[in-house]
Amino acid sequence: MDPIFKQKVGECVGLWLAEGSTTSNSEITFTNNCLELVDLFKKTINEIFKEEKYNQRIYVYSKNGEKIILPYKNCAFKYYIHKRANKPYFIFRIASVSLIKKWKNIIKDYLKNEEYFPFILRGFFAGEGNIHG
């Protein structure tokens, strides 16, 4: 695997640990209000599972239900109102028992390898919104 791609996967591991549904056994989800992070997560997951067949969705929550145009193909969008949403946020979701099992194995492998810790931490803190860059 390409070293830069390994770094992106490590960052996505951190993002998911910070803002994903870590207890689900039936779907991969990632929630954030930064479209750049959602984009990184979506593209990386799609690259990891490029040989698999699955449906992906992005749920957009905003104070007024605004229809934010996102540049993704092969992805369903649903828009919701969340009165406490100061700014729109996004939930990226793939419903698949087999893919979440594979994803959790990737998580375990990355967490066992100290080489990936800086990337995981970078993703974790970016997901939490405390460190950018």
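Up top is the structure these notes are about.
Overview of the structure. This structure is a prediction, so every number in the text was calculated from the model and none was measured.

## Focus on the packing of aromatic side chains
Part 1: This model, assessed by the stated rule, comprises nine aromatic pairs.
Part 2: Judged by centre distance (4.8 Å) and plane angle (25 degrees), the rings of Phe-30 and Phe-41 are stacked. Taken as a pair, Phe-30 in strand β1 (residues 27-32) and Phe-41 in helix α2 (residues 35-48) lie far apart in primary sequence, 11 residues in all.
Part 3: For Phe-41, a relative accessible area of 0% gives the class buried.
Part 4: Ring pairs connect the aromatic residues Trp-16, Phe-30, Phe-41, Phe-92 and Trp-103, which therefore count as one cluster.

## Observations regarding the side chain of Thr-44
Part 1: Examined against the element boundaries, Thr-44 turns out to sit in helix α2.
Part 2: Reaching out from Thr-44, the side chain makes a polar contact with the backbone oxygen of Leu-40 at a distance of 2.7 Å.

## Some words on the nonpolar core
If you look at soluble globular proteins, the nonpolar side chains tend to sit buried side by side.
Part 1: Core analysis: the biggest nonpolar cluster contains 33 residues, and Leu-15, Ile-28, Phe-41, Ile-58 and Trp-103 have the highest contact counts within it.
Part 2: For this core, the secondary-structure elements that each account for two or more residues are α1 (3-19), β1, α2, β2 (56-62), β4 (89-95), α3 (97-112) and α4 (117-128).

## Points about the pairing of β2
Part 1: Across the seven residues that make up β2, a large majority, six, are buried.
Part 2: Pairing between β2 and β4: six bridges, direction antiparallel. The residue bridging Tyr-61 from the neighbouring strand is Tyr-89, located in β4.
Part 3: Both β2 and strand β3 (residues 76-81) contribute to a ladder of six bridges, which runs parallel. Residue pairing across strands places Val-60 opposite Tyr-79, the latter belonging to β3.

What counts and what doesn't
Think of each chain on its own: its residues are numbered from 1, step by step along the sequence as written. Local features in a predicted model are, by the rule used here, given only for residues with pLDDT of at least 70; side-chain atom pairs are given and counted only at 80 or more, and totals for whole chains, interfaces and linings are based on all residues. To get the side-chain values, take all heavy atoms of the structure and skip hydrogens and water. Working definition: a ring pair exists when centres of Phe, Tyr or Trp rings (six-membered ring for Trp) sit within 6.5 Å. Plane angles under 30 degrees give stacked, over 60 give edge-to-face, the rest tilted. Numbered from the N terminus, helices here are DSSP runs of H or I no shorter than four residues, and strands are runs of E no shorter than two. Exposure categories follow from relative accessible area, calculated using a 1.4 Å probe and restricted to protein chains: below 20% of the type maximum is buried, above 50% is exposed, and the middle band is partly exposed. Polar contact criterion, stated in full: a pair of N or O atoms within 3.5 Å, where within protein one must be able to donate a hydrogen and the other to accept it, and residues adjacent in sequence count only if both atoms are side-chain atoms. The nonpolar core is taken to be a set of buried Ala, Val, Leu, Ile, Met, Phe, Trp, Tyr and Cys residues, with the residues joined through side-chain atoms within 4.5 Å. In this scheme, strands are said to pair when DSSP sees at least two bridges between them.

All we've got here are geometric facts, nothing functional implied.
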